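Structure assessment
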Amino acid sequence: MIAPLQMTKPHPAPLTLAGMAEGARAMLPLMPGIAAFGMAFGAASIQKSFTLLEATISSAIVFAGLAQMVALEGWTQHWTAGSLLALGFLTLTVNMRHVLMGASLRPWLGTLPAWKSYPALMMMADNNWAAALRYRAEGGNDVGYFVGSGLITWFVWVLATAVGHLVGGGIPDPKAVGIDLVVPAFFIAMLLPNWKGKREAVGWGVAAAVSTAVSFVLPGWWFIVIGAVAGALAGGFTDDDR
């Protein structure tokens, strides 16, 4: 009689304080840019009548810079069911990329028990996700790297929001001093080592070209969604030849 095959579970990835410290150190060069954006959000929230507590709690709980900026633009003092649904749909659309980002971490974080993996995902932001992918591609396996890089980003974002609200109108426009280029430059630097062949080149190229073109045609943040969908479709129809 043939014994049934035994399915072996992968060993859980480690989650250590040393890994958290390494991840936090990796994020340090990006923190001035994150702080500038956080302060800009804090200062802008004053125009929408946010109190210091409300602005700080928003950053602490939501922890999504782009979505918070988008929500702030559509914020109103007189809410209707329609305006709430519109704002909810807009922020959902902006953050849909997190579905794919989370899925890409499944082979790594999925080895952990749920009480560790899901709280870890609460720390996911664009910068530490990209850094974690690079760390993983280079052979790293300590989930603490992902958590630590997210924690320092969260802390700086929340603190900068409070400072920006306190300082108010003294915060300069990030675009005026080129700070808005820090995050995209870091993101590109982290993603390039993950390029494995034609599919990535075609998908990323199409996404960049389409999103740039759409930003000149459609108002708002639709360029993010349309560019991402176009890039995914282009990559899906591209073979893996290198």
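Everything quoted here is computed from the prediction, not taken from an experiment. (Residues numbered from 1 in each chain as written. Predicted model: local features only at pLDDT ≥ 70, side-chain atom pairs only at ≥ 80, totals over all residues. Heavy atoms only, no water.)

With that out of the way, let us pick up the overall build of the protein chain. Assigned secondary structure in the protein chain consists of 13 helices and 0 strands. Taken from N to C terminus, the helices and strands of the protein chain fall in the order α-α-α-α-α-α-α-α-α-α-α-α-α. In the protein chain, buried positions account for 38% of the 242 residues. Across the protein chain, every contact between residues at least 6 apart in sequence was considered, and the portion connecting residues at least 24 apart equals 80%. For the protein chain, the accessible area works out to roughly 14,000 Å², and carbon and sulfur atoms hold 72% of it. (Helix = DSSP H or I, 4+ residues; strand = E, 2+ residues; numbered from the N terminus. Buried < 20%, exposed > 50% of the residue type's maximum accessible area, 1.4 Å probe, protein only. Contact = heavy atoms within 4.5 Å. Areas by Shrake-Rupley, 256 points an atom, 1.4 Å probe, with all protein chains shown as cover.)

The next subject is the nonpolar core. Met31, Leu105, Trp108, Leu109, Trp129, Val143 and Phe146 are the most contacted members of the largest nonpolar core, which has 35 residues in total. Contributions of two or more residues to this core are made by α1 (17–27), α2 (31–47), α7 (106–109), α9 (126–137) and α10 (144–167). The element contributing the most residues to this core is α10, with 7 residues. If near-sequence neighbours (up to four positions away) are discounted, Trp108 is found in contact with Ala13, Ala132, Tyr135, Arg136, Asn141, Asp142, Val143 and Phe146. (Core = buried A, V, L, I, M, F, W, Y, C linked by side-chain atoms within 4.5 Å.)

With that out of the way, let us pick up the side chain of Thr153. Its location among the elements puts Thr153 in helix α10. Residue classification places Thr153 among the buried positions, given a relative accessible area of 4%. Only 2.7 Å separates the side chain of Thr153 from the backbone oxygen of Ser149, close enough to count as a polar contact. (Polar contact = N/O pair within 3.5 Å; in protein donor to acceptor, adjacent residues only side chain to side chain.)

When the UniProt feature table is mapped onto this chain, "transmembrane region" (unreviewed entry) is found at residues 26–44, 51–72, 78–96, 143–164, 176–192 and 204–237. Within residues 78–96, the helical portion is 79% and the strand portion 0%, while the C-alpha atoms at the span's ends are 27 Å from each other. (UniProt positions renumbered as here; feature names shortened; annotations may be inferred.)

Here helix α13 (residues 222–236) contains 15 residues, and its C-alpha end-to-end distance of 21 Å stays within 8% of the 21 Å for a straight helix at 1.5 Å per residue. Within α13 the residues assigned to the buried category are Gly227, Ala230, Gly231, Ala234 and Gly235. The buried residues of α13 occupy one face: seen down the axis, they fall within an arc of 130 degrees. (Expected span 1.5 Å × (residues − 1). Arc of directions from axis to C-beta.)

With that out of the way, let us pick up the confidence of the model for the protein chain. In the predicted model, the protein chain carries a mean pLDDT of 81, and 80% of its residues have values of at least 70. Of all the helices and strands in the protein chain, helix α11 (residues 182–191) carries the lowest mean pLDDT, 56, while α1 carries the highest, 95. (pLDDT = per-residue confidence, 0-100.)

Position of Ser149 relative to the elements: it lies in helix α10. Within the local environment of Ser149, its side chain forms a polar contact with the backbone oxygen of Phe146, the two atoms lying 2.9 Å apart.

In this section: the packing of aromatic side chains. Enumeration according to the criterion identifies 5 aromatic pairs in this entry. On the basis of an interplanar angle of 65 degrees and a centroid distance of 5.1 Å, the ring pair of Phe50 and Trp75 is categorised as edge-to-face. A residue pair is termed long-range when its members are at least 10 positions apart, and Phe50 in the loop between α2 and α3 (52–62) and Trp75 in the loop between α4 (65–73) and α5 (81–95) qualify at 25 residues. Residue Phe50 is classed as buried on the basis of its relative accessible area, which comes to 12%. (Phe/Tyr/Trp six-rings, centres within 6.5 Å; stacked < 30°, edge-to-face > 60°.)

Turning our eyes to something else, we now look at the packing of α3 against α10. Put simply, α3 and α10 touch, their axes get as near as 9 Å, and they point 160 degrees apart. What the angle tells us is that α3 and α10 run roughly antiparallel. Here α3 and α10 pass one another in a crossing that is right-handed. Judged by residue contacts, Leu52, Ala55, Thr56, Ser59 and Ala60 of α3 engage Trp154, Trp157, Val158, Thr161, Ala162, His165 and Leu166 from α10. Across the contact of α3 with α10, the residue classes tally to 8 nonpolar, 4 polar and no charged. (Axes fitted to C-alpha atoms, helices over the stretch in contact; angles between N-to-C directions. Parallel < 35°, antiparallel > 145°, perpendicular 65-115°, else oblique. Left-handed = near helix turned anticlockwise from the far one by under 90°. Nonpolar A, V, L, I, M, F, W, Y, C, P; charged D, E, K, R; others polar.)

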